[in-house]
Amino acid sequence: MTSRSTSVCNRISMTRRVLVTLALVGLATSVGPRAATAQQAARVTIETGTVEGVSVATDPGEFMYLGIPYAAPPVGPLRWRPPAAVPHWPGVRKADAFGPSCPQGTGQDWVVRVTNDRLPKTPWLKGLRFDENCLYLNVWTPEHAASTGAPVMVWIHGGGNSSGNGNLMPFGPTLPRRGVVLVSINYRLGPLGYLAHPALSRESPHHASGNYGLLDQVEALRWVRRNIRAFGGDPGNVTLFGASAGGFDSCALVASPLARGLFRRAIVQSNACGDDLIPELRRAITLDSADSTGEQHGVRFAERLGIGSGEDALAAMRAKPVAAIIAATDTSYMDMVVDGWVMPRQPVELFAEGRQAPVSILVGSNADESSQFADPSIRDLASYRALLASEFREGSREVFDAYPAASDSAVPAAYLAAMTDYHFGYGAYTMARTMRRLGQPVYLYRVTYAGKGRTAHLGAYHSIETHLLSGMFPKSWGTPDADDLSMSSTIAAYWTNFASTGDPNGQGLPHWAPYELATDSLLELGHATTMRPTPKVGQYRLFDRLLSARLAARHSRSR
């Protein structure tokens, strides 16, 4: 997630085949004439040299290319600079294991736990590594991709822009078997990816700092534009997709002029970007109950490192070991900023003015997004009212009326409903409406399909559609049943159809009508997958009024 919120196959037999073949990765190329043919086919020459991937399955034709560098290591003098070009390498570079994950603080424990919970043990995983030299991507190709010019899907992982990696979620080989070339990427995280600082702004030709993680994502898309044809992908048919912070970033890339023309469509899951304000580089705005700027956050961070604001500040910061950088990270905001370059203005303003990229959009959220993030201290009327006052200030009374609690026992349900709608549902709804006003095709969804096993009490929790899309269920879910596999297949079909043609509909799928302002309907993805009127519209209109008032107050202060 971002600053406002602190992240199959068609039949059971096919699912089992996926898990078995993943466990056999690397064995298909070990012996015999067939193995030699597979090895030859797995070699691809790109702009910086030749990479050799590995066969995904015992049947030839499906390959994965893991740990390909798309930018130079962002270390030493390249720390806190835009991504630089990768040097050419001689010979053949093995691409049979993921590259290191970007450094991350407490989120590292989360990544290890989630990886152990959701990824099968395979030769290509080879354990998790964390290193500042982390700008790598992975490519998964379907059978016969080279002869078809397959559509391309580029995955932006979640984790609050402070944790995660391109290994999660594991969409290969599930999605490529539906005919797409899949790319997943790492990008710089936390203070290494989003530090703004006056000294960094001074050295920049754009007078900007921060947003290095977003610049990494732009560079990865540029790499795809230049190189994906060698893997059988169509560089003119690229769909960006991401969930949680990856959804927010995908939305931000729709808004950023630097990403214009690098993708044709975007799928934004469980976190859009046009429904709130983000910090600005030098102008203070109210965020987390305080007024501050991105550069001021950076100065405080440098002070925690024991570095002042003298002329040698940058050299001292770049000389710090990466462990010291991560250790100095606290819970204060360290994420995307309005810098006048990568993000020229507030995303909400860019969308409202129609200055975003004219791309097709599939966007949505889940019915119980906030169930995983419940604050146990919000347990009575007093704490609930205090939270609303902090979040909505003068609008808190209206929000309480929209999400009332008559007693302490009613608080948890009201609190979770308010946070789910405000942080997730409202953003998806706002993005759908602003993109439709631009005249672009939009498909809006809401997941009501609930988790199973030890996740059942969470309902349709945050990023549940991502688990369904990958076809790999966490151990806490238990063994997936026929309904789970059917929902997984349905979502995967919608997503890949959209990536292929811009229309998620296909044979055997419930019809998904495009979003229209007049009808105001969405697709409910649940035990009944059907079109329904968009719920919570009255609450969303309230949030609209509060955001408009906040923007008006911000503009009046800046005059």
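Shown above is the structure to which this text applies.
Anyway, here's the lowdown on the structure attached to this text. (Residues numbered from 1 in each chain as written. Predicted model: local features only at pLDDT ≥ 70, side-chain atom pairs only at ≥ 80, totals over all residues. Heavy atoms only, no water.)

1. A short note on the overall build of the protein
Working step 1: Looking only at helices and strands, one finds 18 helices and 16 strands in the protein.
Working step 2: Residues classed as buried in the protein amount to 59% of the 559 residues present.
Working step 3: When the accessible surface of the protein is totalled, it reaches about 21100 Å², and 53% of it is carbon and sulfur. (Helix = DSSP H or I, 4+ residues; strand = E, 2+ residues; numbered from the N terminus. Buried < 20%, exposed > 50% of the residue type's maximum accessible area, 1.4 Å probe, protein only. Areas by Shrake-Rupley, 256 points an atom, 1.4 Å probe, with all protein chains shown as cover.)

2. Comments concerning the packing of aromatic side chains
Working step 1: Evaluation of the coordinates by the stated rule reveals 21 aromatic pairs.
Working step 2: Their ring planes at 70 degrees and their centres at 5.0 Å tell us that Tyr-65 and Phe-231 sit as a pair that is edge-to-face. In this pair, Tyr-65 is assigned in strand S4 (residues 63–69) and Phe-231 in the loop between helix H7 (212–227) and strand S9 (233–243), connecting sequence segments 166 residues apart.
Working step 3: A ring pair is formed by Tyr-445 and Trp-495, whose centres lie 5.3 Å apart and whose planes are at 55 degrees; its orientation type is tilted. Separated by 50 residues along the polypeptide, Tyr-445 in strand S14 (residues 442–447) and Trp-495 in helix H17 (residues 482–501) bring together distant segments of the chain. (Phe/Tyr/Trp six-rings, centres within 6.5 Å; stacked < 30°, edge-to-face > 60°.)

3. Some details on the environment of Pro-344
Working step 1: Along the polypeptide, Pro-344 turns up in the loop between helix H11 (322–327) and helix H12 (347–352).
Working step 2: According to the relative accessible area criterion, Pro-344 is partly exposed, its value standing at 24%.
Working step 3: With 88 residues separating them along the chain, Pro-344 and Ser-256 place their C-alpha atoms 7.4 Å apart.
Working step 4: Here Pro-344 is in contact with Pro-257, Val-338, Asp-339 and Leu-350, once residues within four sequence places are set aside. (Contact = heavy atoms within 4.5 Å.)

4. With respect to the sheet that holds strand S16 (residues 530–533)
Working step 1: Spatially, the 11 strands line up as an open sheet ordered S3-S4-S6-S8-S7-S9-S10-S13-S14-S15-S16, and their pairing is mixed. Looking at which strands have only one partner, the edges of the open sheet turn out to be strand S3 (54–55) and S16.
Working step 2: With six bridges connecting them, strand S7 (residues 150–156) and S9 associate as parallel partners. What sits directly across from Trp-155, in S9, is Phe-241.
Working step 3: Sheet strands touched by H7: S4, strand S6 (136–141), S7, strand S8 (181–185) and S9. Its angle to S9, the strand with the most contacts, is close to 155 degrees. (Pairing = 2+ DSSP bridges. Axes fitted to C-alpha atoms, helices over the stretch in contact; angles between N-to-C directions.)

5. Examining the environment of Leu-253
Working step 1: In this fold, Leu-253 is placed in helix H8 (residues 245–255).
Working step 2: On the basis of relative accessibility, which here comes to 0%, the residue Leu-253 falls in the buried class.
Working step 3: Sequence spacing of Leu-253 and Leu-215 is 38 residues, and the spatial spacing of their C-alpha atoms is 9.6 Å.
Working step 4: Ignoring sequence-local partners within four residues, the contact set of Leu-253 consists of Leu-214, Gln-217, Val-218, Leu-221, Leu-240, Ala-259 and Phe-263.

6. Some points on the state of the cysteines
Working step 1: Scanning all chains against the criterion turns up two disulfides.
Working step 2: By sequence order of its bonded cysteines, the protein has the disulfide arrangement 1-2, 3-4. (Disulfide = S-S within 2.5 Å.)

7. Points about the packing of H7 against H8
Working step 1: Two elements in contact, H7 and H8, have axes separated by 11 Å at closest approach and are oriented at 70 degrees. The angle between H7 and H8 places the two elements in the roughly perpendicular class. Of the residues in H8, those touching H7 at Leu-214, Gln-217, Val-218 and Leu-221 are Asp-249, Ala-252 and Leu-253.
Working step 2: Counted by class, the contact of H7 with H8 contains five nonpolar, one polar and one charged residues. (Parallel < 35°, antiparallel > 145°, perpendicular 65-115°, else oblique. Nonpolar A, V, L, I, M, F, W, Y, C, P; charged D, E, K, R; others polar.)

8. Side note on the nonpolar core
Working step 1: Within the largest apolar cluster, 114 residues are counted, with the highest numbers of intra-cluster contacts made by Phe-263 and Tyr-384.
Working step 2: Among residues more than four places away in sequence, those in contact with Tyr-384 are Ile-378, Phe-400, Tyr-403, Ala-405, Val-411, Ala-414, Tyr-415 and Ala-418.
Working step 3: Listed in part, the 42 residues of the second largest apolar core include Ile-267, Ala-492, Ala-493 and Ala-499. (Core = buried A, V, L, I, M, F, W, Y, C linked by side-chain atoms within 4.5 Å.)

9. Things to note about the pattern of salt bridges
Working step 1: Inspection of the entire model under this criterion finds 23 salt bridges.
Working step 2: When the shortest N-O distance is used, the salt bridge between Glu-516 and Arg-436 registers 3.1 Å. Of the two residues, Glu-516 is situated in the loop between H17 and strand S15 (521–525) and Arg-436 in helix H15 (residues 411–437); the sequence distance between them amounts to 80 residues.
Working step 3: Judged by its relative accessible area of 32%, Glu-516 falls in the partly exposed class.
Working step 4: Given a relative accessible area of 22%, Arg-436 falls into the partly exposed group.
Working step 5: We note a salt bridge from Arg-532 to Glu-524, for which the minimum N-O separation is 2.6 Å.
Working step 6: Note on Arg-532: relative accessible area 35%, which makes it partly exposed.
Working step 7: Taking relative accessible area as the criterion, Glu-524 reaches 17% and is therefore assigned buried. (Salt bridge = Lys/Arg side-chain N within 4 Å of Asp/Glu carboxyl O.)

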